[in-house]
Amino acid sequence: MKNYNVAIIGATGMVGQRFATLLENHPWFTVTALAASARSAGKTYEEAVGNRWLMSTPMPEKMKNIVVQDATADIENITSSVDFVFCAVDMKKDEIKALEEAYAKHECPVMSNNSANRFTDDVPMIVPEINPEHIEVIAAQKKRLGTKRGFISVKSNCSIQSYVPALEPLRKFGITKVLACTYQAISGAGKTFETWPEMVDNLIPFISGEEEKSEKEPLKVWGTVEDGKIVSAKAPLITTQCLRVPVSDGHFAAVFASFENKPSKEEIIEIWRNYQGEPQKLGLPSAPKQFLNYFEEENYPQAKLHRNLEGGMAVSIGRLREDSQFDYKFVSLSHNTLRGAAGGAIEMAELYAAKGYFD
Ligand SMILES: NC(=O)c1ccc[n+]([C@@H]2O[C@H](COP(=O)([O-])OP(=O)(O)OC[C@H]3O[C@@H](n4cnc5c(N)ncnc54)[C@H](OP(=O)(O)O)[C@@H]3O)[C@@H](O)[C@H]2O)c1
């Protein structure tokens, strides 16, 4: 595989730092440019981040002296020096939309962790193991933007990655309704216990906008490409409650589901164990060998024990059993900042690279 030069837009933030860490030794992608707000521009990465470094491993040595550019003012310079960008910025939605479109219109593909374009109907929201075929909508998006190689692709919210992967291979049984309660880690709010001490020994039953995203986004991921647009699926009916819990990393979901044709418990477990998505078939560098992992132990999976399975890219499932109101219930876990954020975006970029979209 060819090597591609990339920029991280929002490099000083929590997701940006995770990108920097994960890309340090990436076999296909080399970070050659970093950008953030005007507050950071002109400083080296090390100076711009200062005491805000939140990762457990040190800042990559080779990025420390890269001079951070202004994501907006230096767009010409950035887009002319890289093959594509990762973007994770904390700005208003309309500003993010404008920024991402500006990069695409400068003929620079954008792999976005932001939510601003998740419901633009010609922008695919990719979970590489689930809907790689949505990439075909890019042709229509390029037509709208008037670009040859520039486009935007987004990844989904982190919460849905704890339960949608487990449901995906069961769709052939006709999932009619889903109830999912998510128990979400504090890193999903960009926080640690040091920066959010109120979360120690606490639970907050509200995460702004999360239930709407958790109910709506799966239907786009399960949608179909029709006339240059992604049309969201009509089923299943999904209802959620999203809670913030005192866990550093790892989003859990307690899931209930009913089917048109109810499969047996053994059938479901076998389907999970045998599931292979396109990243596994293509052997993408960030793809876990075993995407869905079912544990028989009744107290598994656990956030602390299983969130880092296969570099935090695998999904762990347990406690599948029949339910009195729905057909089945189970629990599942995914790492919210790895599979759920930067790792998922890197795997998405690998999919585009493997299909020649950055050439
Ligand atoms: N699952 C997911 O995909 C997922 C998970 C978590 C977060 N996110 C999204 O990722 C984005 C970043 O989250 P975060 O937690 O990393 O936020 P964060 O820690 O607050 O970092 C924000 C970043 O945005 C930059 N920024 C702020 N204003 C800017 C401007 N006007 N122009 C250019 N850059 C600007 C900041 O640069 P300075 O340091 O210069 O201010 C910083 O690099 C958000 O949109 C968030 O919703 C997605």
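Just so it is clear, the structure is predicted and the values come from calculations on it, not from any experiment.

1. Details of the sheet that holds strand β6 (residues 152–154)
Right, on to step 1. Overall, parallel pairing links the six strands, which are arranged β3-β2-β1-β4-β5-β6 in an open sheet. A strand with exactly one partner marks an edge of an open sheet, and here the two such strands are β3 (69–70) and β6.
Right, on to step 2. Where strand β1 (residues 4–9) meets strand β2 (residues 29–36), six bridges bridge the pair, whose relative direction is parallel. The residue of β2 that forms the bridge with Asn5 is Thr30.
Right, on to step 3. Across the sheet, helix α12 (residues 338–354) lies against β1, β2, β4 (84–87), β5 (110–112) and β6, angled at about 150° from β5, the strand it touches most.

2. Describing the environment of Glu270
Right, on to step 1. Counting through the fold element by element, Glu270 comes out in helix α8 (residues 265–274).
Right, on to step 2. On the basis of neighbour counts, which here come to 13 C-beta atoms within 10 Å, the residue Glu270 falls in the partly exposed class.
Right, on to step 3. Sequence-wise, Glu270 and Glu296 are 26 residues apart; in three dimensions their C-alpha atoms are separated by 12 Å.

3. Quick notes on the site of the ligand
Right, on to step 1. Around the ligand sit 26 residues, and of these Gly13, Ala36, Ser37, Ser40 and Gly190 come closest.
Right, on to step 2. Sorting the residues of the shell around the ligand by element identifies α1 (14–23) and α12 as the ones contributing at least two each.
Right, on to step 3. Counting residues per element, the shell around the ligand draws most heavily on α1, at three residues.
Right, on to step 4. A per-class count over the shell around the ligand returns 10 nonpolar, 13 polar and three charged.

4. Examining the packing of α1 against α12
Right, on to step 1. Two elements in contact, α1 and α12, have axes separated by 9 Å at closest approach and are oriented at 50°. One way to sum up the angle between α1 and α12 is to call them oblique. Pair α1 / α12 crosses with right-handed handedness. Contacts from Val15, Arg18, Phe19, Leu22 and Leu23 of α1 reach α12 at Ala341, Ala342, Gly343 and Ile346.
Right, on to step 2. Here the residues of the contact of α1 with α12 are counted per class, giving seven nonpolar, one polar and one charged.

5. Notes on the nonpolar core
Right, on to step 1. Membership of the largest hydrophobic core comes to 97 residues, with the highest contact counts inside it found for Ala7, Leu34, Ala35, Val85 and Phe86.
Right, on to step 2. Of the residues forming this core, the biggest block, 10 residues, is contributed by α12.
Right, on to step 3. Three or more residues apiece are contributed to this core by two domains, here domain 1 (4–157 + 342–354) and domain 2 (159–335).
Right, on to step 4. With sequence-adjacent residues up to four places away left out, Leu34 is seen in contact with Ala7, Ile8, Ala11, Tyr45, Met63, Ile66 and Val68.

6. Comments concerning the domain arrangement of the protein chain
Right, on to step 1. The assigned domain composition of the protein chain is domain 1 (4–157 + 342–354) and domain 2 (159–335).
Right, on to step 2. The straight-line distance from the C-alpha centre of domain 1 to that of domain 2 is 25 Å.
Right, on to step 3. On the side of domain 2, 28 residues touch domain 1, which itself brings 30 residues to the contact.
Right, on to step 4. The greatest single-element share of the side of domain 1 that touches domain 2, amounting to seven residues, is contributed by α12.
Right, on to step 5. When the residues that make up the side of domain 1 that touches domain 2 are grouped by side-chain class, the tally is 16 nonpolar, seven polar and seven charged.

7. Description of the sheet that holds strand β14 (residues 328–334)
Adjacent strands of a sheet form backbone hydrogen bonds with each other and so pair up, either parallel or antiparallel.
Right, on to step 1. One open sheet accounts for six strands, arranged β10-β7-β11-β14-β13-β12; its pairing is mixed. The strands lining the two open edges of the sheet, one partner per strand, are β10 (237–244) and β12 (292–295). Strand-to-strand, the axes of this sheet are offset by a mean angle of 20°, without reference to chain direction.
Right, on to step 2. As judged from the eight bridges shared by strand β7 (residues 175–184) and β10, these two strands associate in the parallel manner. From the neighbouring strand, Cys181 faces β10, where its bridge partner is Gln241.
Right, on to step 3. Packing against the sheet, helix α7 (residues 210–221) makes contact with β7 and β10, and its axis sits at approximately 145° to β10.

8. A short note on the pairing of strand β11 (residues 251–259)
Right, on to step 1. Bridge count between β7 and β11: eight bridges; the pairing is antiparallel. Counterpart to Ile175 in the pairing with β11 is Phe259.
Right, on to step 2. Summarising the sheet, β11 and β14 pair through seven bridges and their orientation is antiparallel. Looking at the pairing, His251 lines up with Ser334 of β14.

9. A short note on helix α4 (residues 93–105)
For an α-helix the count is 3.6 residues per turn, leaving residues at separations of three or four pointing the same way.
Right, on to step 1. If you check α4, its first and last C-alpha atoms are 18 Å apart, about what 13 residues at 1.5 Å a residue would give, namely 18 Å.
Right, on to step 2. Inspection of α4 places Ile96, Leu99, Glu100, Tyr103 and Ala104 among the buried residues, and these make up the whole buried set. One side of α4 carries all its buried residues, which in axial view fall inside an arc of 135°. Exposed residues on α4 whose side chains face more than 90 degrees from its buried face are Asp94 and Glu95.
Right, on to step 3. Buried residues in α4 make contact with α3 (75–81), β4, β5, α5 (138–145) and β6.
Right, on to step 4. Where α4 terminates, the next one or two residues include Glu107, which has phi positive at roughly 65°.

10. What about the pairing of strand β13 (residues 315–322)?
Right, on to step 1. Relative to β13, β12 runs parallel, the two being bridged by four bridges. The residue bridging Leu292 from the neighbouring strand is Val315, located in β13.
Right, on to step 2. Summarising the sheet, β13 and β14 pair through five bridges and their orientation is antiparallel. Across the sheet, the residue bridging to Arg321 is Lys329, located in β14.
Right, on to step 3. Two successive antiparallel strands, β13 and β14, enclose a turn made up of five residues.

Rules and cut-offs
- The residue numbering used here restarts from 1 in each chain and proceeds along that chain's sequence as written.
- Side-chain atom pairs in this predicted model are given and counted only at pLDDT of 80 or more, local residue features only at pLDDT of at least 70, and totals for whole chains, interfaces and linings cover all residues.
- Following DSSP output, two strands are said to pair if at least two bridges run between them.
- Numbering of helices and strands runs from the N terminus, with a helix taken as a DSSP run of H or I at least four residues long and a strand as a DSSP run of E at least two residues long.
- Two residues qualify as being in contact provided that their C-beta atoms, derived from the backbone, are within 7 Å of each other.
- Fitted lines through C-alpha atoms give the axes, limited to the stretch in contact for helices. The angle between two N-to-C directions lies from 0 to 180 degrees.
- Buried, partly exposed and exposed are defined by the number of other C-beta atoms within 10 Å of a residue's own C-beta, namely 20 or more, between the two limits, and 12 or fewer respectively, with C-beta atoms placed from the backbone.
- In this analysis a residue is considered near a molecule or strand if the C-beta atom, reconstructed from its backbone, is found within 6 Å of that molecule or strand.
- We call Asp, Glu, Lys and Arg charged. Ala, Val, Leu, Ile, Met, Phe, Trp, Tyr, Cys and Pro are nonpolar, and the rest, Gly among them, are polar.
- Here the word oblique covers every angle except those under 35 degrees (roughly parallel), over 145 (roughly antiparallel) and from 65 to 115 (roughly perpendicular).
- Handedness of a helix crossing follows the sense of rotation of the near helix relative to the far helix, less than a right angle counterclockwise being left-handed and clockwise being right-handed.
- Think of a nonpolar core as buried Ala, Val, Leu, Ile, Met, Phe, Trp, Tyr and Cys residues chained together by C-beta atoms that fall within 7 Å.
- The start and end points of each domain follow an automatic or database-based domain assignment.
- Take the residue count of a helix, subtract one, and multiply by 1.5 Å to get its expected span.
- Note that the arc is defined by the directions from the helix axis to the C-beta atoms.

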